[in-house]
Amino acid sequence: MTAASPSPSHVALPPLANDTFLRACLRLPTTHTPVWLMRQAGRYLPEYRATRDKAGSFMGLATNKEAACEVTLQPLDRYALDASILFSDILTVPDAMGLGLSFAAGEGPKFASPVRDEAAVAKLAVPDMAKLQYVFDAVGTIRKALSDANGMGRVPLIGFSGSPWTLACYMVEGGGSDDYRLVKSMMYSRPDLMHRILAVNADSVALYLNTQIEAGAQAVMVFDSWGGVLADGAFQEFSLAYTKRVLSQLKREHNGYRIPHIVFTKGGGLWLSEIADSGADVVGLDWTVNLSKARAQVGDRVALQGNLDPNVLFAPPEAIRAEVIKTLDSFGVPTEGSGHVFNLGHGISQFTPPENVSVLVDTVHEHSRKLRA
């Protein structure tokens, strides 16, 4: 296993008005704990809903670089967030493979051509990145919008993809699933087919993320949303091995600047040490993990990201403040060689009152500064 490389005392970072997120990812000293939210550009914001209505559909929004840029910036204009994240979807890669992605109103994603037999698996190949040019155009447009006349960026831009295993779940099931019956049936009965899907996915994700980096992404994240549905042993063979295959191919630097790599496995607390040895710079944690114990377990191998329960944001402001403080206190004060990025333990709910996010962000900044004082 390959641990993340030791954090250097001096590392080249891009010119940013606020580089706190990148510094925390690379376990460098910060004045406060940076915060961003998974799905921070989303349906809980009225301005997002208005832009989506104008675009006509989710994919209409995601494939229009100006609209994707607009919704990426909306939460930054409302909250003092320390990072932006590309507005896109984790399923763009299998869509580019020709599986026919669609989003019906009020439903999750669906694939017109699920991958369920030997012939369908044999047809899979790393897609031509030209089919995903709309994503890279959006990255470039967002970076430009985040920069002033002198090229100084406002905050870093995070690019992302689904993990090979998570993509395979959608590709075989044809959409979301409650029991993962089809994908697990293939995994247990025809592991050869599953390994073939995962190998193609891993090489596709690596190329996709590297192309995002070339387009301007300043950090990249792999969402292993469904890694936690696997049994011990199966997780290592069918999820983690292929996440590591992605990480081993990713650019660690671009234009002389270091590019942090983040891995988030929902339900992955059981395998924290193994994920920390994957080659990632940052390991994301869901809300079931104790941050203090996680920090003791990983030592100075990686930074940690997380991990407030998203449903805390439905509580009154004083309760939100108390839970945010509890989370920050659980990690403790970052010392040399450690790093903490505050986030939710999963994506923000579409029903979240927007004003409650202000309470979260402001409390993270205020209390983390107090801790360092």
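Parameters and conventions
- Residues numbered from 1 in each chain as written.
- Predicted model: local features only at pLDDT ≥ 70, side-chain atom pairs only at ≥ 80, totals over all residues.
- Heavy atoms only, no water.
- Phe/Tyr/Trp six-rings, centres within 6.5 Å; stacked < 30°, edge-to-face > 60°.
- Helix = DSSP H or I, 4+ residues; strand = E, 2+ residues; numbered from the N terminus.
- Buried < 20%, exposed > 50% of the residue type's maximum accessible area, 1.4 Å probe, protein only.
- Lys NZ or Arg CZ within 6 Å of the ring centre and 35° of its normal.
- Pairing = 2+ DSSP bridges.
- Contact = heavy atoms within 4.5 Å.
- Core = buried A, V, L, I, M, F, W, Y, C linked by side-chain atoms within 4.5 Å.

Engineer: What is the right way to read the packing of aromatic side chains from this model?
Structural biologist: The description of an aromatic ring pair uses the distance of the two centres, along with the angle that the planes make with each other. Counted according to the given criterion, the structure contains 8 aromatic pairs. A centroid spacing of 6.5 Å and a plane angle of 50 degrees characterise the contact between tyrosine 170 and tryptophan 226, whose relative ring orientation is tilted. Taken together, the positions of tyrosine 170 in helix H8 (residues 164–173) and tryptophan 226 in the loop between strand S5 (219–224) and helix H11 (234–249) put the pair 56 residues apart, joining distant regions of the chain. Look at tryptophan 226 and you get partly exposed, because its relative accessible area is 22%. For the ring pair tyrosine 180 and tryptophan 226, a centre distance of 5.7 Å and an interplane angle of 50 degrees mean the geometry is tilted. Separated by 46 residues along the polypeptide, tyrosine 180 in the loop between H8 and helix H9 (181–189) and tryptophan 226 in the loop between S5 and H11 bring together distant segments of the chain. On the accessibility criterion, tyrosine 180 (8% relative accessible area) is buried. One residue, arginine 295, lies across the ring of phenylalanine 331, its end atom 4.4 Å from the ring centre.

Engineer: Explain the pairing of strand S4 (residues 157–162) to me, please; I cannot follow it from the model alone.
Structural biologist: One face of the sheet, then the other: side chains in a regular strand alternate in exactly this way. Burial within S4 is extensive, with 6 of its 6 residues counted as buried. Here S4 shows two buried faces, one formed by Leu157, Gly159 and Ser161 and the other by Ile158, Phe160 and Gly162. Taken together, the 2 bridges between strand S1 (residues 84–85) and S4 define a ladder with parallel strand orientation. Bridging across to S4, isoleucine 85 finds its partner in isoleucine 158. Sheet topology note: the S4/S5 ladder contains 5 bridges and is parallel. From the neighbouring strand, glycine 162 faces S5, where its bridge partner is phenylalanine 223.

Engineer: So what exactly am I meant to see when it comes to the environment of glycine 216 here?
Structural biologist: On the secondary structure map, glycine 216 appears in the loop between helix H10 (191–215) and S5. Apart from residues lying up to four places away in sequence, glycine 216 is in contact with Val139, Arg143 and Leu157.

Engineer: Would you take a moment to explain the nonpolar core for this structure?
Structural biologist: Generally speaking, nonpolar side chains in soluble globular proteins are found buried as a group. Counting 130 residues, the largest nonpolar core has Phe21, Met194 and Leu360 as its most contacted members. If you tally residues by element for this core, the top one is H10, at 12 residues. Residues within four places of phenylalanine 21 in sequence aside, it is in contact with Pro34, Trp36, Asp82, Ala83, Pro156, Ile158, Ala219, Ile262, Gln305 and Val341.

Keep in mind these numbers describe shape, not what the thing actually does.
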